[in-house]
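Summary of structural features
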Amino acid sequence: LGGVKVDGEWMSGWCDEGSFHEYMAGWGKTVVVGRGRCGGLPVGIIAVETRSCEKHIPADPQEPTSRDVVEMQAGQVWYPDSAYKTAQAIRDFNRGEGLPLVIFANWRGF
């Protein structure tokens, strides 16, 4: 979304150079949420992660037989944690910030 440098040359993305900042990156990894600038205007962005991701579920410290679990999550699927992350981002962008919202929706089933 934010573009990258390839061999020292800037390859533009959807946002202005250096302006995209991912929000809540550690969870709900099948959706990418962040803030950026498009033509200098601030926007909230929600996009689908097309690659598979790992979801880490830590062991319960109160349960001696509990173990860490790592689950694979397919890309382009809206899992409950990703759906909650999307709803939270929409609320945050709208409530105090009043940001225009751009959604790159490519979820399976839509």
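Reading guide: rules and limits
Residues numbered from 1 in each chain as written. Predicted model: local features only at pLDDT ≥ 70, side-chain atom pairs only at ≥ 80, totals over all residues. Heavy atoms only, no water. Helix = DSSP H or I, 4+ residues; strand = E, 2+ residues; numbered from the N terminus. Buried < 20%, exposed > 50% of the residue type's maximum accessible area, 1.4 Å probe, protein only. Lys, Arg positive; Asp, Glu negative; His and termini not counted. Salt bridge = Lys/Arg side-chain N within 4 Å of Asp/Glu carboxyl O.

A look at the side chain of D92
Topologically, D92 is positioned in helix α1 (residues 80–97). Despite being buried, D92 has no salt bridge partner; R91 is the closest side chain of opposite charge, sitting 4.4 Å away.

Topic: unusual backbone geometry
The phi torsion at M24 lies on the positive side, around 60 degrees, for a residue other than glycine. You can see M24 is positioned in the loop between β3 (21–22) and β4 (31–38). A positive phi angle is found at Q76, which is not glycine, with a value near 65 degrees. Looking at where Q76 falls in the secondary structure, it is placed in the loop between β7 (69–73) and α1.

Details of the pattern of salt bridges
It is possible for side chains of opposite charge to pair when their charged atoms get near one another. Enumeration over the complete set of coordinates arrives at 2 salt bridges. Linking E97 and R35 is a salt bridge whose minimum nitrogen-to-oxygen distance equals 2.8 Å. Of this pair, E97 sits in helix α1 while R35 sits in strand β4, and the two are 62 residues apart along the sequence. A relative accessible area of 37% means that E97 is categorised as partly exposed. The partner of E49 in a salt bridge is R51, and the shortest N-O contact between them spans 2.9 Å.

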